[in-house]
Amino acid sequence: MENRISFTEDFQLFLKPVGARCNLRCSYCYYIDNSHLYESAVMSDETLESCVKQLFAASRADTVLFTWHGGEPLMAGMEFFEKAIYFQKKHLPQGKRFVNGIQTNGTLITREWCTFLAAHQFIVGISIDGPEDFHNAMRKTRNQSGSFESTLEGYRLLRASGINPEILCVVNSYNVKQPLVIYHFFKKLGANYITFLPLVEQTDVSGSGDRVSSSSVPALAFGLFLSAIFDEWVKNDIGTLKIQIFEEALRTAFHQEHSLCIFRERCGGVPVLEHTGDFYSCDHYVGHTKPLGNIHEHPLSSLLAHPVQKSFGDTKWNTLPPTCIQCNVRAMCNGECPKNRFITSPDGAPGLNYLCEGYKYFFNHCTPFVKAVSSVWQQTNP
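Residues numbered from 1 in each chain as written. Predicted model: local features only at pLDDT ≥ 70, side-chain atom pairs only at ≥ 80, totals over all residues. Heavy atoms only, no water.

### Re the sheet that holds strand β10 (residues 293-294)
In spatial order, the strands read β7-β6-β5-β4-β3-β2-β1-β8-β9-β10; together these 10 strands make up an open sheet with mixed pairing. Looking at strand neighbours, the two that pair on one side only are β7 (242-243) and β10, the edges of this open sheet. The pairing of strand β2 (residues 63-68) with strand β3 (residues 97-104) spans 6 bridges and is classified as parallel. Its bridge partner being in β3, leucine 65 is matched across the sheet by valine 99. Helix α7 (residues 219-236) contacts β5 (166-171), β6 (193-198) and β7 of the sheet and is inclined by roughly 165° relative to β6. (Pairing = 2+ DSSP bridges. Helix = DSSP H or I, 4+ residues; strand = E, 2+ residues; numbered from the N terminus. Contact = heavy atoms within 4.5 Å. Axes fitted to C-alpha atoms, helices over the stretch in contact; angles between N-to-C directions.)

Pasting the structure below:
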């Protein structure tokens, strides 16, 4: 089966203006180990302008998305983003438009930031792990106090300014036990888009001891968590609240490609650009591999189409265990993210995803609904 992504046409570049730097010290953050990398500076004007020009040149889409990540990207300061917009307007090709998206922990949000983000129509994502006890369990400040109050204040300021941010919730061994408490809390906040991100921290690469940290979400528990929320969503919230993994499962009803990289057959379409201009195949590999190149030395378009980048993406499909290829919900999962594929399948093959049991439970749970949607769609679209 072939499903090759043309990276010059179908990619999303994560831009990290301050690298791994952050004002919080969340216990599960995989950036902490990279805090010594790129930690002392903000992306220079030269790199910023070059990045803008090259991203426009590499993208064939009518709408070009600039996705600002960190660490905490707001640490770059408002002046940085004012320059970014200046360069975007300066170099915008005829017939195209641009959109900025930013992922933040919310603690640095002020009324001034809200005015700026709203004026320039930023898409905003904010990290909240549920009610105070759940959020503060792992999302802490540098002095190890909870960040819930300042995050919630940032969220409320965004809402007051007319921005309804996407909520990103990391599901771990603590909050996974209370799916409906988490879900109802987000509904009470007025959320209209939620992403649930499973926490998987591999601790023993040899496989001789515990494979994951105690904070990692148990695989089956994650499937049960998603299924409980799915049932509530189907009953009460279809059409009013979007949940990313439900949207991804439903894409199979319409024979659509997954929009989320982890569920695609091949990956490599979401590379990262550090503030120095260094290009990495994926954010999870920054600090673990060498950069593929730097945009000051090699055009972004050539890095996106580089044979190493293509091989990185193809490896996901090429190393899929036979049990996954034969799985009845393979099209919904496709082995998920390669970084989580470190356990052995029942037939002894390596490379099974740690979360397989949970994903299999959830995707089978939602399959009858997906098939019903598909049947209706096929009847109305012969």
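After presenting the structure, the write-up continues.
### Brief notes about the pairing of β3
A regular strand carries its side chains on alternate faces of the sheet. With 7 of 8 residues buried, β3 is to be regarded as a mostly interior element. Handedness of the crossover joining β2 and β3 through helix α2 (residues 78-91): right-handed. In the sheet, β3 pairs with strand β4 (residues 123-127) via 4 bridges, with the strands oriented parallel. By the bridge assignment, isoleucine 102 is partnered in β4 with valine 124. For the crossover from β3 across helix α3 (residues 111-119) to β4, the handedness is right-handed. (Buried < 20%, exposed > 50% of the residue type's maximum accessible area, 1.4 Å probe, protein only. Right-handed = clockwise from strand over helix to strand, strands pointing away.)

This is a description of form; function is not addressed.
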